[in-house]
Amino acid sequence: MASDILDELSWRGLIAHSTDLDALRRELTGDRVTLYYGCDPTAPSLHVGNLVGLIVLRWFQQAGHRPIGLAGGATGFIGDPGGRSSERNLLSEAEVTHNVERIGEQLARFVDLSDGRGLLVNNIEWTAGLSVIDFLRDIGKHFPVNVMLAKETIRNRLESGGISYTEFSYMLLQSLDYLELFRRHGCRLQVGGSDQWGNLTAGVDLIRRVEAASVHALSWPLVTSVTGEKFGKSTGGGSLWLDPELTSPYAFFQYWINVDDRDVGRYLRCFTFLAREEIEVLEAAAVERPAAREAQRRLAEEITSLVHGAAETERVIAASRALFGQGDLADLDPATLAAALAETPHATVSAPLPSVVDLLALTGLAASKSAARRTVAEGGAYVNNVRVADPDAAPTAEDLLHGRWLVLRKGKRSLAGVELKPA
RNA sequence: GGCGGGUUGCCCGAGUGGUCAAAGGGAGCGGACUGUAAAUCCGCCGGCUCAGCCUACGAUGGUUCGAACCCAUCACCCGCCA
């Protein structure tokens, strides 16, 4: 049963590279294997880019193995040179500490930590007390610089303007993590995105040299959308965060609802735990009846409940159904309308209603009043689904739904609520 | 330490005294079309009290009627030399 894990991951498009796959498969069919995935605390939240890692950990846990989530309190200070063309800005200690805490909470939601079935660690534990001399003698000695220079991440940086010694050293720290987890917890597998492959194998090499042990690394392909690298960037341009404070569950849900038809099958495979047969049915449906958007709906529901829980997902679905439904907004009952608008960006205003331009800016639908003015001029502004022509006109009392609300829309899919505060 | 090159709007990148809120591309936004999709076409894309005004071309100061463009100083980046 547990032997199916690699096949499962492979079917889901989650295997890019691996060290000896057959040897890994043998280990996985035997005893419980301990594996780890690390995230650096570069922000106070993980984003969808890290979601694959969390999902992979859970797959392994479900297959009976023991996952370790690592929050990089130490590596977060250094900055991973991979995937970028220039140096990172260093974070302050307070930022890193705060971020580690938040990220730990998120990791804990995907990995069952009860009864030692999973672990949460911070690499500051074994690096804080490490002296420079010990580090250079015990770790640095095992890293041939010529090998490091050949790694793709380093090479890219050398070609695009250089790299500091600090970031150059990142690989050593990540390798040290693997070594420590091997020693402390018998960790024999590190998983990560394919951009981490160089760091993953560096750890494997270090363990072979120091401990004469053969351990494994497994990477998944970086998830991309058909239209290019903008995956994970929400339509507003920012990242899609897992933290509801940074990306509202409504916006999160909407992102997945709007996924391109060509991507939806792939995303169902790698971002959900739905059974193969079910995904195949959904993929077929997406081809045969694209208008129904069943696959996107299911994808959005699954991922949103994975990240934000079933209850929040119910609220978001209800809101989307109410606001994007065919019916007249005026027909929605007050409770439904209020609940729906609560999920969208919204603003509260008092007595004399502001102009449409002000409302667009106030709710954040438009980045500025100038942008709002443009939207109106372009015919993209709607109040209660009715296009607005005059940017300076203010909605009247008759426009208010149930005497209190306005549904503001920009374009086809950006909605916001406005509530009139009772005088 | 020396010499040379560079720093432009979300990103890339043109611009070397007025015609510059700054070419072009990408991203993004709106419209038409539609399926809260893609493709295509059209329009937009610094801010504001919007036929006008304000702020911007690494920072500061200067020359000039006038500077992203000239000069000086500083900061950072890149290359070559020591």
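Residues numbered from 1 in each chain as written. Chains lettered and ligands numbered in written order. Predicted model: local features only at pLDDT ≥ 70, side-chain atom pairs only at ≥ 80, totals over all residues. Heavy atoms only, no water.

A. Summary view of the protein's contact with RNA strand B. Neighbouring residues of RNA strand B: 29 residues in total, closest Q254, N258, D261, S370 and R374. Each atom of RNA strand B within 4 Å of the protein was classed as base or backbone; sugar and phosphate made up 70%. Separating a phosphate oxygen of RNA strand B from a side-chain N or O atom of S368 is a distance of 2.8 Å. Between R387 and RNA strand B, the recorded distance is 3.2 Å, taken from a side-chain N or O atom to a sugar or linking oxygen. Taken together, the elements giving at least two residues each to the surface near RNA strand B come down to α13 (249-257), α14 (261-271), α17 (310-324) and α20 (369-377). Top element by residues in the surface near RNA strand B is α20. It accounts for four residues. Broken down by class, the residue content of the surface near RNA strand B amounts to five nonpolar, 11 polar and 13 charged. (Near = heavy atom within 4 Å. Polar contact = N/O pair within 3.5 Å; in protein donor to acceptor, adjacent residues only side chain to side chain. Helix = DSSP H or I, 4+ residues; strand = E, 2+ residues; numbered from the N terminus. Nonpolar A, V, L, I, M, F, W, Y, C, P; charged D, E, K, R; others polar.)

B. Layout of the packing of aromatic side chains. Enumeration over the complete set of coordinates arrives at eight aromatic pairs. Ring geometry for Y267 against F271: centres 5.7 Å apart, planes inclined by 80°, an arrangement best described as edge-to-face. Within this pair, Y267 and its partner F271 are both found in helix α14, separated by four residues, close to a single helical turn. Aromatic ring contacts, followed pair by pair, group F252, Y255, W256, Y267 and F271 into a single cluster. Sitting over the face of the ring of W11, R269 holds its NZ or CZ atom 4.3 Å from the ring centroid. (Phe/Tyr/Trp six-rings, centres within 6.5 Å; stacked < 30°, edge-to-face > 60°. Lys NZ or Arg CZ within 6 Å of the ring centre and 35° of its normal.)

C. View of the sheet that holds strand β10 (residues 405-410). Ordered in space as β7-β11-β10-β8-β9, the five strands form an open sheet in which the pairing is mixed. Strands at the two margins of the open sheet, each flanked by one partner only, are β7 (346-349) and β9 (386-387). Where β7 lies against strand β11 (residues 414-420), four bridges are found, and the strand directions are parallel. Paired with V349 across the bridge in β11 is L420. (Pairing = 2+ DSSP bridges.)

D. Expanded view of the pattern of salt bridges. On inspection of all chains with the given rule, the structure shows 22 salt bridges. Across the pair E180 and R184 runs a salt bridge, and its minimum N-O distance is 3.0 Å. Taken as a pair, E180 and R184 lie in helix α11 (residues 170-185) at a separation of four residues, close to a single helical turn. Salt-bridge contacts for E288 lead to R289; the nearest nitrogen and oxygen are separated by 3.8 Å. Look at E288 and you get exposed, because its relative accessible area is 57%. What emerges from the salt-bridge pattern is a single network uniting E125, E180, R183, R184 and E211. (Salt bridge = Lys/Arg side-chain N within 4 Å of Asp/Glu carboxyl O. Buried < 20%, exposed > 50% of the residue type's maximum accessible area, 1.4 Å probe, protein only.)

E. Representation of unusual backbone geometry within the structure. In this structure, D115 is a non-glycine residue whose phi angle is positive, near 50°. Note on placement: D115 falls in the loop between α5 (93-110) and β4 (119-122). Positive phi, normally seen in glycine, also occurs at N384, with a value near 50°. Locating N384 in the fold gives a position in the loop between β8 (381-383) and β9.

F. Expanded view of the state of the cysteines. If you walk through the whole model with that rule in mind, you get zero disulfides. Looking at the unpaired C187, the closest cysteine sulfur is the one in C39, lying at 14 Å. Owing to a relative accessible area of 0%, C187 belongs among the buried residues under this scheme. (Disulfide = S-S within 2.5 Å.)

G. The arrangement of a nonpolar patch on the surface in detail. Nonpolar side chains collect at one region of the surface, where V132, L136 and Y165 lie side by side and expose about 350 Å² of accessible area between them. Judged by its relative accessible area of 41%, L136 falls in the partly exposed class. (Patch = residues over 30% accessible without salt bridge, like charges linked within 9 Å, V, L, I, M, F, W, Y side chains within 5 Å. Areas by Shrake-Rupley, 256 points an atom, 1.4 Å probe, with all protein chains shown as cover.)

H. Summary view of the confidence of the model for chain A. Per-residue confidence for chain A gives a mean pLDDT of 89, with 93% of residues at or over 70. ipTM for the predicted complex: 0.86, alongside a pTM of 0.89. (pLDDT = per-residue confidence, 0-100.)

I. Focus on the environment of G72. By the secondary structure assignment, G72 is in the loop between β3 (66-71) and α4 (75-78). Between the alpha carbons of G72 and A275 there is a distance of 33 Å; along the sequence they are 203 residues apart. Apart from the residues lying within four places of it in its own chain, the contact partners of G72 are C39, D40, P41, N122 and N123. (Contact = heavy atoms within 4.5 Å.)

J. Region of interest: the pairing of strand β5 (residues 187-193). Across the seven residues of β5, six count as buried, placing the element largely inside the fold. Sheet topology places strand β2 (residues 34-39) next to β5; three bridges connect them, and they run parallel. Bridging across to β5, Y36 finds its partner in Q190. Two elements, β5 and strand β6 (residues 216-220), share five bridges in a ladder whose sense is parallel. Considered in β6, the bridge of V191 is made with L218. On the question of chirality, the crossover connecting β5 to the parallel β6 by way of helix α12 (residues 197-211) is right-handed. (Right-handed = clockwise from strand over helix to strand, strands pointing away.)

K. Fine view of the sheet that holds β5. Reading across from one edge, β1-β6-β5-β2-β3-β4 is the order of the six strands in this open sheet, with mixed pairing throughout. With one partner strand each, in any of the chains shown, β1 (17-18) and β4 form the two edges of the open sheet. Where helix α3 (residues 48-62) meets the sheet, its contacts fall on β2, β3, β5 and β6, and the angle it forms with β2 comes to roughly 165°. Contacts from α11 reach β2, β3, β4, β5 and β6 within the one sheet, and its direction differs from that of β5 by about 145°. (Axes fitted to C-alpha atoms, helices over the stretch in contact; angles between N-to-C directions.)

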